[in-house]
Amino acid sequence: MLYDIRLNLRYDYDAAAGGGRHQVRVLPPTISGVQRVIAASLSFAPAPSERSDFSDFFGNNVTSIAFRDAHDALDIRMSARVAVSRPEPGLDVSPDIRRLREELEAVRSLSPDTPHHFLAASDHAGVDADITGYARSSAGSSVVGTAMNLCNRIHRDFTYDGEATTVQTRASDAFDLRRGVCQDFSHIMIAGLRGLGIPAGYVSGFLRTIPPRGKPRLEGADAMHAWVKVWCGRDTGWQEFDPTNGMRASNDHITVGYGRDYSDVAPIVGVLKTTGGQVGEQAVDVIPVVLEKA
């Protein structure tokens, strides 16, 4: 699939900011065997006094910006053309949880995608006894089966509610509420799998949805989306699951970044020299591109 993606983030401040410094993670990367970025741009209004672009530890695209002059708003615009071609899931040859632990012990690498980085509790996805118990009842004969079972149960048992949580909500709080958004459901799934000893991480990106006639529209459209990556053993590797919609990640999922939880891939983090609060708005368009045949 080929997509044109447009993202607009806008922040209006109660009082003019005398300066600020931010890190922005919204540019999708090229990922071998998954997606290819054909063109991309990222602009800011007002223009920052400083700007640098780099990759973080997990390979995510980061733009660091700084402002010295007063400004009462910040407008961020990203546009990209991305081709997505995920391989179809093959035969499930993933191990059970006991054999997975043996395979984990044999992994000696500390590279960014090694499963060891995604086993321990993290800020938003702490290991929680109640969540672990919930996940344990999803355990199957394979890691892929366990992950898919848990993904489907979260989709069935939890209610999508954009007013119930905030970006600061932890997995344990959203679990108690049984409500939340894609970020919360992903954190719950990550926490549950880690509690079972299965490495799991957070994926930030976009979701394109075109529902079949008479079918409901998938949750997560018109905003940034989140789902989960799971290490399913030596032979199967990393696989991705979307608990908000009860499905495997497909060609409709466009990746922006990977991390241990939301805090590693938040669209923007930083500091402002100001007083008062701010109001943020987000708008996303994911447009399929149909190329005309010659």
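Structure: see above.
Residues numbered from 1 in each chain as written. Predicted model: local features only at pLDDT ≥ 70, side-chain atom pairs only at ≥ 80, totals over all residues. Heavy atoms only, no water.

Of all seven residues that make up strand S10 (residues 225-231), seven are buried, and the element is covered over most of its length. Residues His225, Trp227, Lys229 and Trp231 point to one face of S10 and Ala226, Val228 and Val230 to the other, with burial holding for every one of them. In this sheet, S10 lies alongside strand S9 (residues 200-207) in antiparallel orientation, the contact comprising six bridges. The residue bridging Gly205 from the neighbouring strand is His225, located in S10. (Buried < 20%, exposed > 50% of the residue type's maximum accessible area, 1.4 Å probe, protein only. Helix = DSSP H or I, 4+ residues; strand = E, 2+ residues; numbered from the N terminus. Pairing = 2+ DSSP bridges.)

Take the sheet that holds strand S1 (residues 2-17) next. Read across the open sheet, the four strands follow the order S3-S6-S1-S15; overall the sheet is antiparallel. Edge positions in the open sheet fall to strand S3 (35-45) and strand S15 (278-288), since each of these has one partner strand only. Along the sheet, successive strands turn relative to each other by an average axial angle of 10 degrees, direction set aside. Where S1 lies against S15, eleven bridges are found, and the strand directions are antiparallel. Bridge assignment links Tyr13 to a residue of S15, and that residue is Gln278. (Axes fitted to C-alpha atoms, helices over the stretch in contact; angles between N-to-C directions.)

What follows is about the sheet that holds strand S11 (residues 238-242). Spatially, the five strands line up as an open sheet ordered S12-S11-S10-S9-S13, and their pairing is antiparallel. With one partner strand each, in any of the chains shown, strand S12 (247-248) and strand S13 (253-259) form the two edges of the open sheet. Helix H3 (residues 143-157) contacts S10, S11 and S12 of the sheet and is inclined by roughly 15 degrees relative to S11. Helix-sheet contacts for helix H5 (residues 182-195) involve S9, S10 and S11, and the interaxial angle to S10 is about 15 degrees. (Contact = heavy atoms within 4.5 Å.)

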